[in-house]
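# Structural overview
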Amino acid sequence: MFLRILRHEWSTLRADATLWVVAGVFAVAIGYGVWNGVRWVEFQTRALAGAAAEEQERYDGLRQRVDDIVKTGGQVSPFADPRSPSNVGGRLGPRYAMLPPGPLAPLAIGQSDLLPYYFRISTDSRENILAATEIENPQRLLVGRFDLAFVVIFLYPLLILAVTYNMLSAEKEQGTLALVLSQPVALRTIVTGKITLRAMVLVGTVLVCSGVALALGGVDLASPGIGLRLLLWAGAVAVYGAFWFSLAALVASFGRGSATSATILASAWLVLVVMLPSLFNLAVTTIYPVPSRVEMVQAMREASDDASAEGSKLLASYYEDHPELATGDAEQAMTDFNMIRVAVNDDVERRVRPVVARYEQQIVAQQAAIDGLRFLSPAVLMQEALNDLAGTGTARHRHFVAQVDRFHAEWRGYFTPLIFQRAQVTSFDDVPRFAFEEEATGAIARRVGVSLAGLALPAALMGLFGVSRLRRYPVVG
Amino acid sequence: MLEATNLTKHYNGVTALDSLTLTVEPGEVFCLLGANGAGKTTTINLFLNFIAPTSGTAAINGIDVVQQPLETKKYVAYIPETVMLYRNLTGLENLEYFAALAGRPDYTRDQLLGFFQEVGLAGDAADRRVGTYSKGMRQKVGIAIAIAKGARSLLLDEPTSGLDPKASNEFSDLLKRMSDSGVAVLMATHDLFRAKESGTRVGIMKHGTLVAVHGTDEFGHADLERLYLQYMHD
Ligand SMILES: Nc1ncnc2c1ncn2[C@@H]1O[C@H](COP(=O)(O)OP(=O)(O)O)[C@@H](O)[C@H]1O
Ligand SMILES: [Mg+2]
C-alpha cells in the first residue's frame, strides 16, 4: 500500500510543472555552487603551491650563495650573509606554515575565504606574522559565497517547502482528498508517503550532486576519516531536510488553505534562515566587540618604536630571563645588533599581548555565544556542521593557528641559541619545517553530532506533533 | 448496512443534525431529501468519519465508524456531488489507484477496463487524462471505483446535480444495478423524480431533523412533490 502511494505521488508530482521547475533551479544552483567551491579550492591550492615554490627557490638561492662564498672565500656584509642565523631566521629564510584546503573543501567554502591559510614564519614577533595577512571578523555567519553549502542551507529548504506546502491543502482544494479518505487508508499514511517520495527526490538530488562535486573537486578519497566525514555530510543533508519536511507536515496538519500555509512556511524560512543568523551576528558583535584593526596596528607600531628605543636595556633584561644564553664576551654580548633584535621582538610581543589577548578573548566569546545560539536556527547549526565537515570552519582554523604558534616557538628555539652563540647556519635542511596535522575526525564527529541532534530533535517533535494532529484534520469545511 | 443511532452534530451551538436514527438495509436505496442546509451532507460526512459526531453513533456493517474508521471504510464507497480525480492521470490510472487504496491492488488492466465498460464509459476514455472528462464521466468513474472496491454500502451526496437528463438517467440505472446486487445505498438528493424512480424509501430532513420517512411505492411522482413542499412550508 505504502509503495503504491509512493508510486502514485511520483506520477502526480511528475505530471506537475512545479517539480521540474524546482529540479531545474536546483540542478543549476548546485552546479554553480560546486563550480564556485572547486574554483576556490583550486585557487587556494595554486596559492599554496606558489608559496612552496617561492620558498624552495629562495632556499636554492641561499645554498648557491653559501657555496659561492665558500668557494671564492669572498667577503660578505653581515646584513647579507646567508649563513647568519639572524638573517636566515629573519629576512632570508622564512618558511611557510600552510593550511591545506579542508578534506571536503569544495563542498563548503565556509570561513576559508575570510581566514588566512598560510603564514610566513620568521623570528619576527607573532603578531607581525599573523597581522601580515588580513584577518577580518571570522565570526561572520552569513554565507558570502555561493557554494554547495549555501545551496543546501538556503535553497534546499525553499525547494522542500515549494513541493510540500500544499501537499494536503491542494488535494483538499481539488476535492481528491475526500475520495482518498473514503478509502481504508489513514491520512498519516498518505502524508508519510507524500513526504517520503519528495524526500527521496530532493535529498537524493543533493547527495548525488555532492558526489559529483567530490569527483570534480579532486577530493582525496584516501585521506583519513574521509568516509566518516562523507557519511556525516549525507546525514546532515538528510536531517536538515527532515527538519523542513517536518515543519511542512506540521503546518499542513493545521488544515489551512494553500495560500496561508505558503505564507506561514515562507515566514518561517525567512526568520530561521535569514533573519536569525544575521541577528545573532549583530548581537555577538555588539555584545563582544572586537578591537579594531587600526587599534591593533597602532599598538604594534608603538610597541615596536618604544622597544627599539630601549634596545640594549631590553637585551640586559632578556639575559636575566634567559641566563642560559649568556656568553663570556660581555661587551660584545651587549652590542650585538642581532641579539638586540631578539630581545626587542620578545619585548614587542609582551607589550602587544594585552591588546591581542583582548582581541582573541572577544573572538572566543563570540564563538561561544554562536555555539549556544546556533540551536535556535537550523541554518546556523547546519552552516557550522557543514563547515566543520568540509574543514573550512573556525575550529580547524584555530587548530591551525595553534600549530602555527607552536611552530613559531620551535623556529625561535632553533635560531635564538645560534644567534647568541654567534654560530652559523650550516645546513638549511635542519631549518624547521611546518607540517599541518589534520584535526582528529573524532572531535569533528562529536561537534557535528551535537549539531545534528540539535536539528533532529525539533524535526522529530514537529513531525510527531504534526502527524498526531492529522487525526483531527478537517477533511471537509 | 448503514445505521445511525441518535446521531447528532452541533457546530458551535448550531444543530446541523439532530438525533438521526436510521437504518439502510442491503438492497435498499434511501433518498435523503431536504432544503439546502437541512443536514444531508452532515449525515454523509458523519458516516465517513470526516467529522466527529457530537453524540450518537454511525455504523457501517455494524461497526462504529468513530472507533474503527479504517475498518468501516473497507465496506463503503462514497460519491460526492462531483467526483474529483487526479486530473493529470488517466481515468484508468485513477481507477487503479483508488482500487489499490481500497484494498484491491491486484486488478489486471483488462479487469479495470471491464469496470469502465460496466459503467458505460467508452473504451478510449480509459486512457485519456481525467482533466478532459465531463462531469457525467467523472460520476461514472466514481461508480466504477465503488464496483471495483466491492463496497457493500454506498454514500452519495447529490451525485446527479448538474448532470443532463440522459447522464442522470444512466447514473440512476447504475445505482439500481448496485442496489439489486445487495448494496445499501444512502443518497442525498434534490431530484424528487429520481428519488421516486430509483429510491426504495425517501426521508425528508428539515433543520437537522428527519421529519418523515416514506416508501416510494406509497405514492406517485406528484404526490411526493406535494408532500415535500408541504413539509417545507410549516
Ligand atoms: N463546518 C461547519 N461549520 C459550521 N456550520 C456548518 C458546517 N458545516 C455545515 N454547517 C451547517 O450545518 C447545517 C447543515 O449543513 P449540510 O449538512 O451541509 O446541509 P445540506 O447538505 O443538507 O445542504 C447548515 O446549517 C450548515 O450551515
Ligand atoms: Mg449538502
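## A word on the overall build of chain A
A tally of helices and strands in chain A yields 17 helices and two strands. For 477 residues, the compact-globule formula gives about 23 Å, and the C-alpha radius of gyration of chain A, at 30 Å, lies well above that figure. Dimensions along the principal axes, computed over C-alpha positions, put chain A at roughly 105 × 45 × 30 Å. Of all 477 residues assigned to chain A, the portion counted as buried reaches 51%. Partitioning the intrachain contacts of chain A with sequence separation of at least 6 by distance along the chain shows that 84% fall at a separation of at least 24. Of the accessible surface of chain A, which amounts to about 20900 Å², a share of 62% is contributed by carbon and sulfur atoms. Computed over 42 positive and 44 negative side-chain charges, the inter-centroid distance for chain A is 13 Å.

## Brief notes about helix α1 (residues 40–47) of chain B
Residues and elements named next belong to chain B. Burial of α1 is extensive: seven of the eight residues sit out of reach of the surface. Taken together, the buried positions of α1 are K40, T42, T43, I44, N45, L46 and F47. Once α1 finishes, N49 follows within two positions and takes phi at roughly 60°, a positive value.

## Quick word on the packing of helix α5 (residues 148–164) of chain A against helix α10 (residues 258–287) of chain A
The axes of two packed helices give the description: the angle between them and the distance between them. Residues and elements named next belong to chain A. Direction vectors running N to C along α5 and α10 enclose 165°, while the axes themselves pass 11 Å from each other. With respect to α10, the axis of α5 lies roughly antiparallel. Considering how the two elements wind past one another, α5 and α10 form a crossing that is right-handed. Across the interface between the two elements, I153, F154, P157, L158 and L161 from α5 touch L265, W269, V273 and V274 from α10. Here the contact of α5 with α10 is composed, by residue class, of nine nonpolar, no polar and no charged.

## So, the confidence of the model for chain B
Mean pLDDT over chain B works out to 94, with 100% of the residues at or above the 70 mark. The ipTM value of the predicted complex is 0.96, and its pTM value is 0.91.

## Side note on the environment of S19(B)
Looking at where S19(B) falls in the secondary structure, it is placed in strand β2 (residues 14–24). As for S19(B) and A4(B), which are separated by 15 residues in sequence, their C-alpha atoms are 8.7 Å apart.

## Overview of the interface of chain B and chain A
Contacts between the two partners involve 25 residues from chain B, matched on the other side by 24 residues from chain A. Both sides of the chain B and chain A interface together cover about 2200 Å² of buried area, and 69% of this is carbon and sulfur. On the chain B side of the interface with chain A, the three residues burying the most area are F50(B), Y86(B) and L101(B), jointly 30% of the side's total. In this assembly, chain B and chain A are joined by one salt bridge.

## Side note on the pairing of strand β2 (residues 118–121) of chain A
All names here are of chain A. Burial along β2 is one-sided: the residues F119 and I121 are buried and none of Y118 and R120 is. Looking at chain direction, strand β1 (residues 95–98) and β2 are connected through four bridges and run antiparallel. Within the sheet, the bridge partner assigned to Y96 lies in β2 and is R120.

Thresholds, definitions, all that
Just so you know, the residues in each chain are numbered from 1, in the order the chain's sequence is written. Whichever chain is written first is A, and whichever ligand is written first is 1; the rest continue in order. For a predicted model such as this one, the threshold for reporting local features is a pLDDT of at least 70, and the threshold for listing and counting side-chain atom pairs is 80 or more; totals across whole chains, interfaces and linings nevertheless cover every residue. To obtain the side-chain values, all non-hydrogen atoms of the structure were included, while hydrogens and water were left out. The helix and strand labels rest on DSSP assignments: H or I over at least four residues marks a helix, E over at least two residues marks a strand, and numbering proceeds from the N terminus. In this setup the radius of gyration rests on C-alpha atoms only. A globule is expected at 2.2 Å times the number of residues raised to 0.38. Under the scheme applied here, a residue whose accessible area is under 20% of the maximum for its type counts as buried, over 50% as exposed, and between as partly exposed, the area being computed with a 1.4 Å probe on protein chains only. Contacts: residue pairs with any heavy atoms within 4.5 Å of one another. Using a 1.4 Å probe, accessible areas were evaluated by the Shrake-Rupley method; residue-level cover was limited to the displayed protein chains. In this tally, Asp and Glu contribute negative charge and Lys and Arg positive charge; neither His nor the terminal groups of the chain are included. By convention, the charge on Lys lies at NZ, on Arg at CZ, on Asp at CG and on Glu at CD. Only the stretch in contact is used when fitting a helix axis, every axis being a line fitted to C-alpha atoms; angles between N-to-C directions are given from 0 to 180 degrees. Here the angle decides the label: under 35 degrees means roughly parallel, over 145 means roughly antiparallel, 65 to 115 means roughly perpendicular, and every other value means oblique. Crossings are classed by handedness, with left-handed meaning an anticlockwise turn of the near helix from the far one by less than a right angle and right-handed meaning a clockwise turn. Polar here means any residue other than Ala, Val, Leu, Ile, Met, Phe, Trp, Tyr, Cys and Pro, which are nonpolar, and Asp, Glu, Lys and Arg, which are charged; Gly is therefore polar. What pLDDT expresses is the predictor's confidence in each residue, scored from 0 to 100. A 1.4 Å probe defines the accessible area here, and the buried area is the portion of it lost by two parts on being joined, summed over both. We define a salt bridge as a side-chain nitrogen of Lys or Arg found within 4 Å of a carboxyl oxygen belonging to Asp or Glu. Note on pairing: two strands pair once DSSP finds at least 2 bridges between them.

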